[in-house]
Amino acid sequence: MAEDTSQEKTEEPTEKRKKKAREEGNVARSRELNTSLILIVAAFGFLFFGPMAVRSLMSIMALCFSFDPRASWDTDIVGEYLHGSMKDIFTAISPIFAMLFIAALVAPISMGGWNFSSKAIMPKGSRMNPLSGLKRMFSINSLVELLKGWAKVLIVAGIAILVLVGLKNDFLSMIFQPTENAVSHAAKLIAWSFLLIVSSTVLIAIVDVPFQIHSHKKKLRMTMQEIKDEYKNTEGKPEVKAKVRQLQREMANRRMMKDVPEADVIITNPTHYAVALKYKPNEMPAPIMVAKGADNIAFKIREIGEEYNVPVLQIPSLARSIYHNTEIGAAIPEGLYIAVAQVLAYIYQVDQWKRGRSKEPPKKPNYPIPEDLRADE
C-alpha cells in the first residue's frame, strides 16, 4: 500500500502547538548540558575554596587528635570539640555547596528557559504500557543515548588518563614534601585534575544540545491535516464565520445609514451605486464620504436622502469613481477635488435659486475625472 505522504509530519509547528507543548512541559532539554555545567561549577568551587577547606579540615584533625586529659571525665569538653569541629567544617564547605546549589537551579533552565507544568508529572497510561516501553527501548533516541553513554565513558576515561599521566611527577613529588605542604599540594592537583576531566563533558554537551533541539522540533512537527484542523478550531467553521461577517456588515450598514441625513449631497449612478458626501469648510480639509453602497444599499441611501431632503444628483462617472476610490469616513482623493467642488457649488446655486435669491443655475457641467481614478461599470 502506498504511503499517505499527506499525513507525514513535515510542517513546522504553529505558535499554538509550541505554546501547548510548553504548557505540557514539553521543551528542549539537555541532561548533558546540565551535568556539564554543574560539574564545572563544582570544579571551580574546589579550585577556589578547596585550599581554605583543606586548611580547616587539617586544623580540625589536629584538634581532634590532640588529647586533652580533662575530656576523660568532662563530657562537656567533648561536646565543645564536636560543636566546634562541625561549625568549622560547615564554614569550610558552605561556599562550595552554595555554588552547587545555584548551579543546580540555573543549569536546567540554561536551555529551554524556566518552565513549570503540572501536566508533566501527571501519570500517563502510555508510560506504563509495556509495548510503548519496548518501542522506546528500541527507538532512535535510545540508540543515541547508548552511543552517548559509551562516548562519555571513553572521552572522560581518555582525558582522565592523559591528565593523570601528565601530572604523575607532581603527585610523586609529594613523597618528599612535609605533610602540611603535601596535603595542600595534593588538594590543588586534585582540583585542577577534576576541572580538566569534567571539562571533557563539554564535548558531549556540544554534540547533545543541537541534537536535542532538532529532536524537539521534529517531535512538534505537524501534518497538513493537523494544521487545517487547528485553523478550523481556532477560526471557527466557515458557515459560522460567514454568518458573523454578515452580521458585522449589517451593523456597519446601520451605523452608516445614520450618517446619511447629515450628508450635503448624494451622487448616484443612478441605480447601481450611491455615495453620500459631507463637507464642513471650517472643520474638514476636504469632503469626506459618510456612506456608500451598491444595488439595494444604494437604493436605501437614496431613499433616506430623499426623506431628509438631501440633494441627489445623477452623475454616473463621478459616483463610480468615488465609490471605488474612497473608503467610508475617509476624504475623497485629491484628483476629485475639482469635480466635487463643482458639485457642491451647483448644489449651493440650486438652493439659492429655490429660495428666490438668485437666477436658475445653468445645467450641470462636465465634471473632470483623472484617468487613474476612472472606474467602469
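Residue indices begin from 1 for each chain and proceed along its sequence in written order. Side-chain atom pairs in this predicted model are given and counted only at pLDDT of 80 or more, local residue features only at pLDDT of at least 70, and totals for whole chains, interfaces and linings cover all residues. Computation of side-chain values: all heavy atoms of the structure, hydrogens and water removed.

Some words on the nonpolar core
- In these notes, a set of buried Ala, Val, Leu, Ile, Met, Phe, Trp, Tyr and Cys residues joined through side-chain atoms within 4.5 Å is what counts as a nonpolar core. Three exposure classes are used, based on accessible area relative to the maximum for each residue type with a 1.4 Å probe and protein chains only: buried under 20%, partly exposed in between, and exposed over 50%. Counting residues in hydrophobic clusters, the biggest one holds 23 residues, and the most contacted among them are I267, L277, L318, I322, L336 and V343.
- Taken together, the elements giving at least two residues each to this core come down to β1 (265–268), β2 (273–278), α13 (316–325) and α14 (337–354).
- The criterion used for residue contact is that any of the two residues' heavy atoms lie within 4.5 Å. Every residue in contact with L336, bar those within four places of it in the chain, is listed here: L318, S321, I322, I369, P370 and L373.
- Membership of the second largest hydrophobic core comes to 13 residues, among which are V260, A274, V290 and A291. By the criteria applied, helices consist of DSSP H or I runs no shorter than four residues and strands consist of E runs no shorter than two, each listed in order from the N terminus.

Structural notes on the pairing of β2
- Of all the six residues making up β2, six are buried; the element is thus mostly covered by neighbouring parts of the structure.
- Judged by which residues are buried, β2 turns out to be covered on both faces: Y273, V275 and L277 on one side and A274, A276 and K278 on the other are all buried.
- For two strands to pair, DSSP has to find at least two bridges joining them. As paired elements, β1 and β2 share four bridges and run antiparallel to each other. Along β2, the bridge assignment pairs I266 with A276.
- Hairpin connection, β1 to β2: the antiparallel pair is bridged by four residues.
- The pairing of β2 with strand β3 (residues 288–294) spans six bridges and is antiparallel. Looking at the pairing, Y273 lines up with A294 of β3.

Thoughts on the UniProt feature "transmembrane region" (unreviewed entry) in the protein
- UniProt positions are given in the numbering used here, feature names are shortened, and annotations may be inferred rather than shown by experiment. Within this structure's numbering, the places UniProt gives as "transmembrane region" (unreviewed entry) are residues 37–63, 89–114, 149–169 and 189–211.
- As annotated, residues 189–211 comprises 96% helix and 0% strand, and the C-alpha atoms at either end are separated by 35 Å.

Overview of the packing of aromatic side chains
- Each Phe, Tyr or Trp ring (for Trp, its six-membered ring) is paired with any other whose centre lies within 6.5 Å, and the angle between the two planes then decides the class: stacked below 30 degrees, edge-to-face above 60, tilted in between. Applying the stated criterion to the full structure yields three aromatic pairs.
- With a centroid separation of 6.0 Å and 65° between ring planes, the pair formed by F46 and F194 is classed as edge-to-face. Taken as a pair, F46 in helix α2 (residues 31–65) and F194 in helix α8 (residues 179–199) lie far apart in primary sequence, 148 residues in all.
- Centroid distance Y273 to Y323: 4.6 Å. Interplanar angle 45°. Geometry classified as tilted. Of this pair, Y273 sits in strand β2 while Y323 sits in helix α13, and the two are 50 residues apart along the sequence. Accessibility classification places Y273 together with Y323 in one group, the buried group.
- Throughout this description, the term charge over a ring refers to an Arg CZ or Lys NZ atom that lies within 6 Å of the ring centre and within 35 degrees of the ring normal. Over the face of the ring belonging to Y323 we find K292, whose NZ or CZ atom lies 4.8 Å from the ring centre.

Comments concerning the sheet that holds strand β4 (residues 312–314)
- The four strands lie next to each other as β3-β2-β1-β4, forming an open sheet whose pairing is mixed. Because the sheet does not close on itself, it has two edges, and the strands there are β3 and β4. Shown here is a sheet whose adjacent strand axes are inclined to one another by a mean of 20°, direction ignored.
- Helix axes are fitted only over the stretch in contact, all axes being lines through C-alpha atoms; the angle between N-to-C directions runs from 0 to 180 degrees. Helix-sheet contacts for α14 involve β1, β2 and β4, and the interaxial angle to β1 is about 120°.

Some thoughts on the pattern of salt bridges
- We define a salt bridge as a side-chain nitrogen of Lys or Arg found within 4 Å of a carboxyl oxygen belonging to Asp or Glu. The tally for this structure, following the rule as stated, stands at four salt bridges.
- K300 is the salt-bridge partner of E303, the closest N and O atoms lying 3.4 Å from each other. Of this pair, E303 and K300 both sit in helix α12 (residues 296–307), three residues apart, which is roughly one turn of the helix.
- A relative accessible area of 36% means that E303 is categorised as partly exposed.

Looking at the packing of helix α6 (residues 140–166) against helix α9 (residues 201–220)
- The interhelical angle for the contact between α6 and α9, taken along N-to-C directions, is 170°, at an axis separation of 10 Å. Judged on the interaxial angle alone, α9 and α6 are roughly antiparallel. Viewed along their axes, α6 and α9 form a crossing whose handedness is right-handed. For the pair formed by α6 and α9, the contact residues are N141, V144, E145, K148, A151, K152, I155 and V156 on the first element and T201, L203, I204, D208, F211, Q212 and S215 on the second.
- Polar here means any residue outside two lists: the nonpolar Ala, Val, Leu, Ile, Met, Phe, Trp, Tyr, Cys and Pro, and the charged Asp, Glu, Lys and Arg; Gly therefore counts as polar. Among the residues making up the contact of α6 with α9, the classes are represented as seven nonpolar, four polar and four charged. An angle counts as roughly parallel when it lies under 35 degrees, as roughly antiparallel when it exceeds 145, as roughly perpendicular when it falls between 65 and 115, and as oblique in every other case. The sense of a crossing depends on the near helix, which, turned anticlockwise from the far helix by less than a right angle, makes the crossing left-handed and, turned clockwise, makes it right-handed.

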